[in-house]
Amino acid sequence: MLDGTLAPGARVNQYELADAMGISITPLREAMRRLTGEGWIVQDAHRNARVAELDLDEARHLNEARRVLEPAAVSLAAQRRTDEDVAAIESAVADLRPVTSDEGEVALAAHSELHRRLYRAAHNHVMTSLLDGLWDKLERYRRLGLEAGAQAGPRTRDHEEHLELARLVIAGDGEAAAALMTEHIDRSLAAEVASAATQAQDGEDRTAG
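In this report, we go over the structure that sits alongside the text. Note that the structure is a prediction, hence the values are computed from the model and not measured.

**Brief notes about the overall build of the protein chain**
Phase 1 of the analysis: Of regular secondary structure, the protein chain possesses nine helices and three strands.
Phase 2 of the analysis: Counting from the amino terminus, helix and strand elements in the protein chain follow one another as β-α-α-β-β-α-α-α-α-α-α-α.
Phase 3 of the analysis: Counting all 209 residues of the protein chain, 41% fall into the buried class.
Phase 4 of the analysis: A fraction of 73% describes how many contacts in the protein chain between residues 6 or more apart in sequence connect residues 24 or more apart.

**A look at unusual backbone geometry**
Phase 1 of the analysis: The phi torsion at histidine 123 lies on the positive side, around 55°, for a residue other than glycine.
Phase 2 of the analysis: Of note, histidine 123 is situated in the loop between helix H5 (104-120) and helix H6 (125-148).

**A few points about the environment of alanine 121**
Phase 1 of the analysis: As for its position among the elements, alanine 121 is in the loop between H5 and H6.
Phase 2 of the analysis: Taking the C-alpha atoms as reference points, alanine 121 and isoleucine 170, 49 residues apart in sequence, are found 9.9 Å from one another.
Phase 3 of the analysis: Apart from residues lying up to four places away in sequence, alanine 121 is in contact with Ala77, Arg80, Arg81 and Asp85.

**Structural notes on the pattern of salt bridges**
Two side chains carrying opposite charge are able to pair once their charged atoms lie near each other.
Phase 1 of the analysis: Applying the stated criterion across every chain, the model contains eleven salt bridges.
Phase 2 of the analysis: As a salt-bridge pair, arginine 187 and glutamate 183 come within 3.8 Å of each other at their nearest N and O atoms.
Phase 3 of the analysis: Linked through salt bridges whose partners overlap, the residues forming this network are Arg116, Arg120, Asp132 and Asp136.

**Comments concerning the environment of arginine 117**
Phase 1 of the analysis: Along the chain, arginine 117 turns up in helix H5.
Phase 2 of the analysis: What makes arginine 117 partly exposed here is its relative accessible area of 24%.
Phase 3 of the analysis: Taking the C-alpha atoms as reference points, arginine 117 and glutamate 90, separated by 27 residues in sequence, lie 9.5 Å from one another.
Phase 4 of the analysis: In contact with arginine 117, not counting residues within four places along its chain, are Ala88, Ile89, Ser91 and Ala92.
Phase 5 of the analysis: Polar side-chain contacts of arginine 117 include one of 2.7 Å to the side chain of glutamate 113.

**Remarks on the side chain of arginine 66**
Phase 1 of the analysis: Looking at the secondary structure, you find arginine 66 in helix H3 (residues 56-80).
Phase 2 of the analysis: Engagement of the side chain of arginine 66 in a polar contact is seen with the side chain of glutamate 70, the distance being 2.6 Å.
Phase 3 of the analysis: Setting aside residues no more than four positions away along its own chain, arginine 66 makes contact with Pro71, His115, Leu134, Trp135, Leu138, Arg142, Met181, His184, Ile185 and Ser188.

**Details of the side chain of glutamate 161**
Phase 1 of the analysis: Locating glutamate 161 in the fold gives a position in helix H7 (residues 156-171).
Phase 2 of the analysis: Leave out the neighbours within four places in its chain, and glutamate 161 touches Leu180, His184 and Arg187.

**Remarks on the nonpolar core**
Phase 1 of the analysis: Within the largest apolar cluster, 32 residues are counted, with the highest numbers of intra-cluster contacts made by Val74, Ile89, Leu114, Leu118, Leu131, Tyr141 and Val169.
Phase 2 of the analysis: The set of elements that each furnish at least two residues to this core consists of H3, helix H4 (83-94), H5, H6, H7, helix H8 (174-186) and helix H9 (189-208).
Phase 3 of the analysis: No other element matches the seven residues that H3 contributes to this core.

Definitions and limits used
Residues numbered from 1 in each chain as written. Predicted model: local features only at pLDDT ≥ 70, side-chain atom pairs only at ≥ 80, totals over all residues. Heavy atoms only, no water. Helix = DSSP H or I, 4+ residues; strand = E, 2+ residues; numbered from the N terminus. Buried < 20%, exposed > 50% of the residue type's maximum accessible area, 1.4 Å probe, protein only. Contact = heavy atoms within 4.5 Å. Salt bridge = Lys/Arg side-chain N within 4 Å of Asp/Glu carboxyl O. Polar contact = N/O pair within 3.5 Å; in protein donor to acceptor, adjacent residues only side chain to side chain. Core = buried A, V, L, I, M, F, W, Y, C linked by side-chain atoms within 4.5 Å.

In short, the description is geometric, and any link to function would need to be established separately.
Structure, rendered in structure tokens:
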């Protein structure tokens, strides 16, 4: 679901999935219950399961929460990063590349890994847990944004901001890292999706009025 293998609204046959994964139906059902609780799966009264549809209000809400949490996390990371954190961040930087439609999956994975290593350097397990959940739920919207901007060319500005975010955290400049992270989130793929949806809704409201 995170990587788009199962599209929004796709039916999930639990027995076929269990066979494909080589597991019994019991652990799969437990996993499905957890995914339903987390909003990934929707089950109807007949216990038919489908991948949850995309919800652009959810994209906006997730992005708003991330906008509060992640700048605070990188600010703390700049204060608390260890030598091990610095090595992990530098390793993630080495794997970075600009996000393009051709290399979307690989580039997005490297992008996500850098962000995770940055906020984990805050050494705040509550923030880390919340941000991990937000990042996972935002993955589908990032891919939607990537598909919508397929002809826009490489996202070189994002790439440059990633390099600068890593540099600021390693240098211990928490204030600058937090400010740049806020700007970075406001220009993210998920933010673009939420903004486009809001503009479309505003247009419909004006037309209806």
